[in-house]
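# Results of the structural survey
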Amino acid sequence: GSVVTWGHRDYGGDSSGVQDQLRNVQQICATDSAFAAILADGSVVSWGHSGFGGDSSAVKDRLKGVQQVHASARAFTAISTDGSVVSWGNEESGGDNSTVQDLIAAL
């Protein structure tokens, strides 16, 4: 499906910067001030406040084959079909899983 947003841009209410990418949306997840959408092809589009996960550009190349996205108050975590886990957003809220990536891969 497609997405329509409204509200204050600092809280994810303005998706105009990514609107052309919001096609074939399968699921939407939210932090306190950002949204992430899983598309039919398994990619993820995020928007909203960057400190709350609204900017996933640093991990975009790793957001492929995503089947689930979960959120804390300020970060997102995506689980891909190959079992990989990718996080972005506020580091203190779980947005950086690099220190435990080896442990996750071993599961």
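Note: the structure precedes this text.
Residues numbered from 1 in each chain as written. Predicted model: local features only at pLDDT ≥ 70, side-chain atom pairs only at ≥ 80, totals over all residues. Heavy atoms only, no water.

### Quick notes on the side chain of Ser33
- You can see Ser33 is positioned in the loop between β1 (25-30) and β2 (34-39).
- Non-local contacts of Ser33, meaning those with residues more than four positions away in its chain, are made with Asp10, Tyr11, Gly12, Gly48, His49 and Phe52. (Helix = DSSP H or I, 4+ residues; strand = E, 2+ residues; numbered from the N terminus. Contact = heavy atoms within 4.5 Å.)

### Points about the pairing of strand β4 (residues 66-71)
- As paired elements, β4 and strand β5 (residues 75-80) share five bridges and run antiparallel to each other. The residue of β5 that forms the bridge with Val66 is Ser80. (Pairing = 2+ DSSP bridges.)

### Considering the sheet that holds β5
- Pairing is antiparallel across the open sheet formed by three strands, whose spatial order is β4-β5-β6. The open sheet has two edge strands, β4 and β6 (85-89), and neither has a second partner. Adjacent strand axes in the sheet meet at a mean angle of 20° when their direction is disregarded. (Axes fitted to C-alpha atoms, helices over the stretch in contact; angles between N-to-C directions.)

### A word on the side chain of Ser87
- As for its placement among the helices and strands, Ser87 is situated in strand β6.
- Classification of Ser87 by relative accessible area gives buried; the value is 8%.
- A polar contact of 3.0 Å, which involves the side chain of Ser87, links it to the side chain of Thr77.
- Every residue in contact with Ser87, bar those within four places of it in the chain, is listed here: Val59, Phe76, Thr77, Gly94, Gly95, Asp96 and Asn97. (Buried < 20%, exposed > 50% of the residue type's maximum accessible area, 1.4 Å probe, protein only. Polar contact = N/O pair within 3.5 Å; in protein donor to acceptor, adjacent residues only side chain to side chain.)

### A few points about the sheet that holds β2
- What the three strands build is an open sheet, ordered β1-β2-β3; its pairing is antiparallel. With one partner strand each, in any of the chains shown, β1 and β3 (44-48) form the two edges of the open sheet. The sheet shows a mean angle of 20° between the axes of neighbouring strands, taken without regard to direction.
- In the sheet, β1 pairs with β2 via five bridges, with the strands oriented antiparallel. Each residue of the ladder has a partner; that of Gln27, found in β2, is Ile38.

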